[in-house]
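# Analysis of the macromolecular model
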Amino acid sequence: MADGSLAPAWDGVWDADGEGAFMIGGRCGACGGLALGLRPICPHCHKDGTLAAEAVGRRGRLYSATVIHQAPPGFEAPYRVGYVDIGEGLRVFAHIQAEAENGVPAPGPGDEVVLRIVAVKTDPDGTARSGPFYAAVEGTAK
Amino acid sequence: MKLRRAGIMGVGLTPFDKYDDVPVEVIAQRAVIAALADAGIALSDINAVYASHLYQGEVFGQRVMRGLHAPEVQLVNVENACAGGSSAVRAAWLSVGTEEHDLCLVVGAEKMGRGLIAFSSADLELTLGNTAPAQYALAGQRHMHEFGTTAEDFARVAVKSRHHGALNPNSRFREDVTLEEVLESRPIADPITLLQCCRNGSGAAAVVIGSEAWCDKRGGPKVWIEGSGLRSVMGDSTERDLTNFGATRTASAAAYEMAGIGPEDIDLVELHDAFTVGELLHCEGLGLCPKGEGGRLVRDGDTALGGRVPVNTSGGLISKSHPVGATGVAQFAELTWQLRGEAAGRQVEGAKTALAHSQGGTGLEAGATCVTILARG
C-alpha cells in the first residue's frame, strides 16, 4: 500500500488495496449511476443514502496537464497537475508525473496513466498529506 | 418576456490600484458619487441598489450607502465570484426592464490582498494544489493539444491588452510590453507567465440604470442594454470540453438571442481576461471566430484597436488589475464611454454595439458567466 499510511489531503476520495491505488467511486444502488467519492446524495437520481463504495480510476487517460510554478501554501513548486478521464464520464483532478521515470517519459494528453497515492502537500505543523498521482504506463505513450 | 427599454445613464470609476490606506466603503462611495454626477441625478432619485463584492463582509452595500445618507430603498448584495459585478448590472437592468423600478444604482467594489486569490470554500481541486491560473492553464494546454495553439499566441494577448492599457488613463499598468518580455517573465502555470496574469487590485465602479424616460431626461448620447445571458457551469468531476472553458457559449447565445443580433454585429468587447488563455477561449466562445482559431484572431490583430473587433480597449484585467466585485461593473463604464464616443485615446470609431463578458468561480466545478449586449441609441 504505497504511502497508504499517510493522512489523505481529503477524506474518502482515494485509497489503496492489494491491487494498488484506486479512486473511491460512489455507485448508486437505485439508479446504477457513478459519482466521484462517497456522498450522501446521488447526483444522478437524487436518492439519499444509496451510494456504495466502488474502486475506480486505477487507470485512466490524461486529458490535460500543466506545471504549477507558483504554489499555494503547503505545496512545493514546481509540480504538475492535470485531469484524468477514468471512464463512465468521470474526470479526476490529480498530480501528474512531470519527468521521465526509469526511461518512461512523462505522459501527455491522450496518454494512458496509472494511479499511485503519494505525498502531495505538507500541513503547517509538518504533517505530510497524500493525494492522487497519475504516472505514464510504459509502452502506451502515443 | 417582453421588457421595457432600459439604459445606462451614468458610470463612475475609482481606478484600480492598491489603496492600502483607504477603506473599501470610501473607494466604493467615490465611484457612486461619480456615477450619480454622470447621470445627472440625486441619490434620492434612486429606487434600488445592487452591490457586488466577494470579500467585504456582511451588508457591504448598506455600509457603502449609509455613508452617503442614502434613502430607505431596496438594496441587494450580489455575490457570483468574479461575475458578481456583471450579475449585479444584469439584475438592475431586469429590475428596470420589468418595471419593478425606474432607476437603479449598481456599485461593485473590492479591496484585495496580494498573490494568488485565496478561495474560502472547501474544494477538492484547490485542496490538492490547483490554483486559479492553473485552471486556465489546463484549458490552454488542452487547446494547444487539440488545435496547435502556441504559447506565443496566448502571450500576444498580453502584448495587445497592455498596449490598450497604455492608451487608457484609467489603466493601472500603462507601459507597453514586448512578446519576449511576456514569454520570459516568471512562469506561473505553463504556458501562463506572470505578465499573462491579472494582478490583484482594489477599486470600485458604479453604474446608474434608468428607464427610457429617465434616459431622455439626462439627454446626450444614449446607451441601451439590449440583452443579457447569465449561465453557470456546475461540473461535478465529469468530462467536459475544457476548450470551451466556462459557460461563455450558453450565456452569449442567450444574450444574442435576446438582442436579436449575432457575434458579427459586435463592434467591441470587454471580456474576462484574468489570464491570457481565458481571453482567447472566450473570444471563441463568444463566436468572434470559429472554435480553435483564437490564436489566429490575436496574431492577425483582429482584437487590437483598429482591428475587426477590438477586445479590452480598457486594457482589460491584465492592465487594470482585478478587484473582483468591481471588475464586471467597470466593464460597463468602459463600454459606455466607448459607445458615447468619450473614450479618449482608445476610441473605437463609430462603435454602435458592444458586448460585456465576465466569468467567475472556484475550481472548475462551479462558476458563473454573464454576457450583456449594449447599443448606442
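Computed from a predicted structure; not experimentally measured. Numbering of residues starts from 1 in each chain and follows the order in which that chain's sequence is written. A letter from A marks each chain and a number from 1 marks each ligand, given out in the order of writing. Local features in this predicted model are restricted to residues of pLDDT 70 or higher, and side-chain atom pairs are both shown and tallied only at a pLDDT of 80 or more, whereas totals for entire chains, interfaces and linings draw on every residue. For side-chain calculations, the full set of non-hydrogen atoms in the structure is used, while hydrogens and water are omitted.

### Considerations on the overall build of chain B
For chain B, the count of helices and strands is 13 helices and eleven strands. In terms of its C-alpha atoms, chain B occupies a principal-axis envelope of roughly 55 × 40 × 40 Å. For every residue, the accessible area (1.4 Å probe, protein chains only) is compared with the maximum for its type, and the residue is labelled buried under 20%, exposed over 50%, or partly exposed between those bounds. For chain B, the residues scored as buried account for 62% of the 377 residues in total. In chain B, 78% of the contacts between residues at least 6 apart in sequence involve partners at least 24 apart. Every accessible area reported is derived by Shrake-Rupley at a probe size of 1.4 Å, with residue values counting cover from the shown protein chains alone. When the accessible surface of chain B is split by element, carbon and sulfur atoms take 49% of a total near 13,000 Å². The way it works is that DSSP assigns letters per residue, a run of H or I at least four long becomes a helix, a run of E at least two long becomes a strand, and they are numbered from the N terminus. Contacts between residues were defined by any pair of non-hydrogen atoms, one from each residue, lying within 4.5 Å.

### What to know about the domain arrangement of chain B
All names here are of chain B. These domain boundaries are the output of an automatic or database domain assignment. Segmentation of chain B into domains returns domain 1 (6–114 + 201–225) and domain 2 (125–198 + 226–376). Between the C-alpha centres of domain 1 and domain 2 the distance comes to 23 Å. If you look at the interface, domain 1 gives 41 residues, while domain 2 gives 37 residues. Accessible area that two parts lose when put together, evaluated with a 1.4 Å probe and summed over both, is termed the buried area. Across the interface of domain 1 and domain 2, roughly 3,100 Å² is buried in total on both sides, 69% from carbon and sulfur atoms. Of all residues in domain 1, F16, C82 and R90 give up the largest surface area on contact with domain 2, accounting jointly for 22% of the area buried on that side.

### What about the packing of helix α5 (residues 132–147) of chain B against helix α10 (residues 276–285) of chain B?
Residues and elements named next belong to chain B. Running from N to C, α5 and α10 point in directions that differ by 60°, and their axes come no closer than 9 Å. Of the possible angle classes, the one that applies to α5 and α10 is oblique. Crossing of α5 over α10 shows left-handed handedness. Contact with α5, carried on its side by Y136, A139, G140 and H143, involves V277, G278, L281, H282 and E284 of α10 and no other residues of that element. Among the residues forming the contact of α5 with α10, the class breakdown is four nonpolar, four polar and one charged. To obtain each axis, a line is fitted to C-alpha atoms, and for helices this fit is confined to the stretch in contact; angles are then taken between N-to-C directions over 0 to 180 degrees. In what follows, roughly perpendicular refers to angles from 65 to 115 degrees, roughly parallel to angles under 35, roughly antiparallel to angles over 145, and oblique to any angle outside these ranges. Handedness of a crossing follows from how the near helix is turned relative to the far one, being left-handed for an anticlockwise turn of less than a right angle and right-handed for a clockwise one. Residues were grouped as follows: Ala, Val, Leu, Ile, Met, Phe, Trp, Tyr, Cys and Pro as nonpolar; Asp, Glu, Lys and Arg as charged; and all remaining residues, including Gly, as polar.

### A word on the interface of chain A and chain B
Contact residues are listed per partner, giving 34 residues for chain A and 31 residues for chain B. Of the roughly 2,700 Å² buried between chain A and chain B on both sides combined, carbon and sulfur atoms contribute 59%. By salt bridge we mean one thing: a side-chain nitrogen of Lys or Arg within 4 Å of a carboxyl oxygen of Asp or Glu. Applying the counting criterion to the chain A and chain B interface returns one salt bridge. Listed by contribution, the elements that provide at least two residues to the side of chain A that touches chain B are β6 (59–68), β7 (79–87), β8 (90–96), β9 (112–122) and β10 (128–136) of chain A. The element contributing the most residues to the side of chain A that touches chain B is β6(A), with seven residues. Counted by class, the side of chain A that touches chain B contains 22 nonpolar, eight polar and four charged residues.

### Side note on unusual backbone geometry
Residue P78(A) is bonded to the preceding A77(A) through a cis peptide linkage, with omega at -5°. Relative to the helices and strands, P78(A) resides in the loop between β6 and β7. For the bond running from D190(B) to P191(B), omega is 10°, close enough to zero to count as cis. Relative to the elements of secondary structure, P191(B) occurs in the loop between β5 (187–189) and β6 (192–193). Here the phi dihedral of H46(A) falls at roughly 70°; this positive angle occurs in a residue that is not glycine.

### Observations regarding the environment of S64(A)
Turning to its location among the elements, S64(A) is positioned in strand β6. Judged by relative accessible area, S64(A) falls into the buried class, the value being 0%. Excluding anything up to four places from it in sequence, S64(A) contacts V81(A), G82(A), Y83(A), L138(B), Q141(B) and R142(B). There is a polar contact of 2.6 Å between the side chain of S64(A) and the backbone oxygen of L138(B). Within polar-contact distance, the side chain of S64(A) engages the backbone nitrogen of R142(B) at 3.4 Å. A 3.5 Å cut-off defines polar contacts: any pair of N or O atoms within that distance qualifies, except that in protein one atom must be a possible hydrogen donor and the other a possible acceptor, and neighbouring residues in sequence count only when both atoms are side-chain atoms.

### Considerations on helix α6 (residues 151–167) of chain B
Helix span, expected: 1.5 Å multiplied by one less than the number of residues in the helix. A rise of 1.5 Å per residue sets the reference length of α6(B), with its 17 residues, at 24 Å; its end C-alpha atoms lie 25 Å apart and thus fit the reference within 8%. Against the buried residues of α6(B) lie α5, α7 (179–184), α10, α11 (294–299) and α12 (316–320) of chain B.

### Examining α5(B)
Residue and element names in this part refer to chain B. Taking 1.5 Å per residue as the helical rise, α5 with its 16 residues ought to reach 22 Å, and the 23 Å between its terminal C-alpha atoms agrees with that figure. With twelve of 16 residues buried, α5 lies mostly within the body of the structure. Every buried residue of α5 is accounted for by A132, P133, A134, Q135, Y136, A137, L138, A139, G140, Q141, R142 and H143. Of the residues trailing α5, G148 is marked for its positive phi of about 75°.

### Considering the packing of aromatic side chains
Stacked, tilted and edge-to-face are the three classes assigned to paired rings of Phe, Tyr and Trp, where Trp is represented by its six-membered ring and a pair needs centres within 6.5 Å; plane angles under 30 degrees give stacked, over 60 edge-to-face, the rest tilted. Summed over all chains, the structure comprises four aromatic pairs over all chains. Here Y83(A) and F93(A) contribute two aromatic rings whose centre-to-centre distance is 5.7 Å and whose plane-to-plane angle is 70°, an arrangement assigned as edge-to-face. With Y83(A) in strand β7 and F93(A) in strand β8, this pair connects stretches of sequence that are ten residues apart. Given the relative accessible area of 4%, Y83(A) is considered buried. Taking 4.9 Å as the distance between ring centres and 45° as the angle between the ring planes, the aromatic pair formed by Y136(B) and F275(B) counts as tilted. Here the residue Y136(B) occupies a position in helix α5, and F275(B) occupies one in the loop between β9 (268–270) and α10, the gap between them amounting to 139 residues. Both residues of the pair, Y136(B) and F275(B), count as buried. Joined through ring pairs, the aromatic side chains of Y136(B), F245(B) and F275(B) make up one cluster. The rule for a charge over a ring is simple: NZ of Lys or CZ of Arg within 6 Å of the ring centre, and within 35 degrees of the ring normal. Over the ring of Y63(A) we find R91(A), and its NZ or CZ is 3.6 Å from the ring centre. Taking the ring centre of F173(B) as reference, the NZ or CZ of R199(B) above it sits at 5.1 Å.

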